[in-house]
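Topology and contacts: notes
Spelled out from the first residue to the last, the chains are:
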Amino acid sequence: MTSKATKIVIITEKLISKGVLNIIEEKGANGYTLVPAGGKGSRGVRSVDRPAVVDAFSNVKIEVITGSDEMAHDIADAVAAKYFANYSGITYLEEVEILRPEKFERH
Amino acid sequence: MTSKATKIVIITEKLISKGVLNIIEEKGANGYTLVPAGGKGSRGVRSVDRPAVVDAFSNVKIEVITGSDEMAHDIADAVAAKYFANYSGITYLEEVEILRPEKFERH
Amino acid sequence: MTSKATKIVIITEKLISKGVLNIIEEKGANGYTLVPAGGKGSRGVRSVDRPAVVDAFSNVKIEVITGSDEMAHDIADAVAAKYFANYSGITYLEEVEILRPEKFERH
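Let me sum up the structure you'll find in this document. (Residues numbered from 1 in each chain as written. Chains lettered and ligands numbered in written order. Predicted model: local features only at pLDDT ≥ 70, side-chain atom pairs only at ≥ 80, totals over all residues. Heavy atoms only, no water.)

Here's the deal with the packing of helix α1 (residues 17-26) of chain B against helix α2 (residues 69-83) of chain B
All names here are of chain B. Following both chains from N to C, one finds α1 and α2 inclined at 145°, their axes separated by 10 Å at the closest point. Pair α1 / α2 crosses with right-handed handedness. Residues G19, V20, I23 and I24 of α1 pack against I75, A78, V79, K82 and Y83 of α2. A class-by-class count of the residues in the contact of α1 with α2 yields 7 nonpolar, 1 polar and 1 charged. (Axes fitted to C-alpha atoms, helices over the stretch in contact; angles between N-to-C directions. Helix = DSSP H or I, 4+ residues; strand = E, 2+ residues; numbered from the N terminus. Left-handed = near helix turned anticlockwise from the far one by under 90°. Contact = heavy atoms within 4.5 Å. Nonpolar A, V, L, I, M, F, W, Y, C, P; charged D, E, K, R; others polar.)

Structural notes on the interface of chain B and chain A
Facing 25 residues of chain B, the contacting portion of chain A comprises 26 residues. Around 2,200 Å² of area is buried between chain B and chain A when both sides are counted, 56% of it from carbon and sulfur atoms. A salt bridge links E63 of chain A to K61 of chain B, with the shortest nitrogen-to-oxygen separation between them at 2.6 Å. At the boundary of chain B with chain A, the tally comes to 9 residue pairs in polar contact (both at pLDDT 80 or more). Listing elements by their share of the side of chain B that touches chain A, those giving two or more residues are β2 (32-40), α2 and β4 (89-99) of chain B. Its residues assigned to classes, the side of chain B that touches chain A comprises 13 nonpolar, 7 polar and 5 charged. Strand direction decides the pairing type here: strand β4 (residues 89-99) of chain A and β4 of chain B, joined by 2 bridges, are antiparallel. Counterpart to I98 of chain A in the pairing with β4 of chain B is Y92 of chain B. (Buried area = accessible area lost by both parts, 1.4 Å probe. Salt bridge = Lys/Arg side-chain N within 4 Å of Asp/Glu carboxyl O. Polar contact = N/O pair within 3.5 Å; in protein donor to acceptor, adjacent residues only side chain to side chain. Pairing = 2+ DSSP bridges.)

Treat this as a map of the structure, not an account of what it does.
Below is the structure:
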């Protein structure tokens, strides 16, 4: 059994990851995945201080698969409102097809 | 030259990654990518023991680009059947457009 | 406000990541994300030398969200032309929906 779902990806500073994860849980998501990340954003602020060293991952890429498009937008809006005036971050949505969709239902 | 393909993403415990990769190769995939991951699943089991420490990545995110949707489902089904009763894991599919599609043909 | 965009994903050897990032910036992208990666490609070359050890991430997964499909193809073509005869790498495109699309406009 498969089912369409919306995945939200939030790439931001590791410093605020705990706060972002709190928002994700408050909004009712059943899980999330964190991946270490480095990079450069539109503000020209390099997370990787020295361009030659790409081993320093001071950002985090957070992925959440949601059961509803509404929850996805809700999380994205709350994170942007709370953090993105002061911290660098980007957020985007992707359509995915989940297997075992019952894991993503809200209880 | 580009071509549509299906990417499978399997996020699961690092402990079983070797077994999952064996299934992927048995099913005929030409390659895979591994990324370190942490997170929280629907069972409420945190891979990251202490919420404040997001550096502990005890999960793995495995991505496989397949030349056929059938192979994608085949891999996903085999991994779920063998492991997901006893280990936490999620699997989803994404549509991607591959460049140099000849690399993903089965030989 | 949301807007469709093309995300390019380049998975290649860490060794050439600086050169790949230079191409990405020359082509006008406003940012990129780097994630450590390991894996096995179609050439049968394992980045992870010992199969049992999935902790050795000698590849890098680079993601770029572009404001135009043309820029996405432009980056992919330039990277493949410069590196993929001699280094292992794959490139694919994904459609994403970006929030705050103004961050991805070219200045």
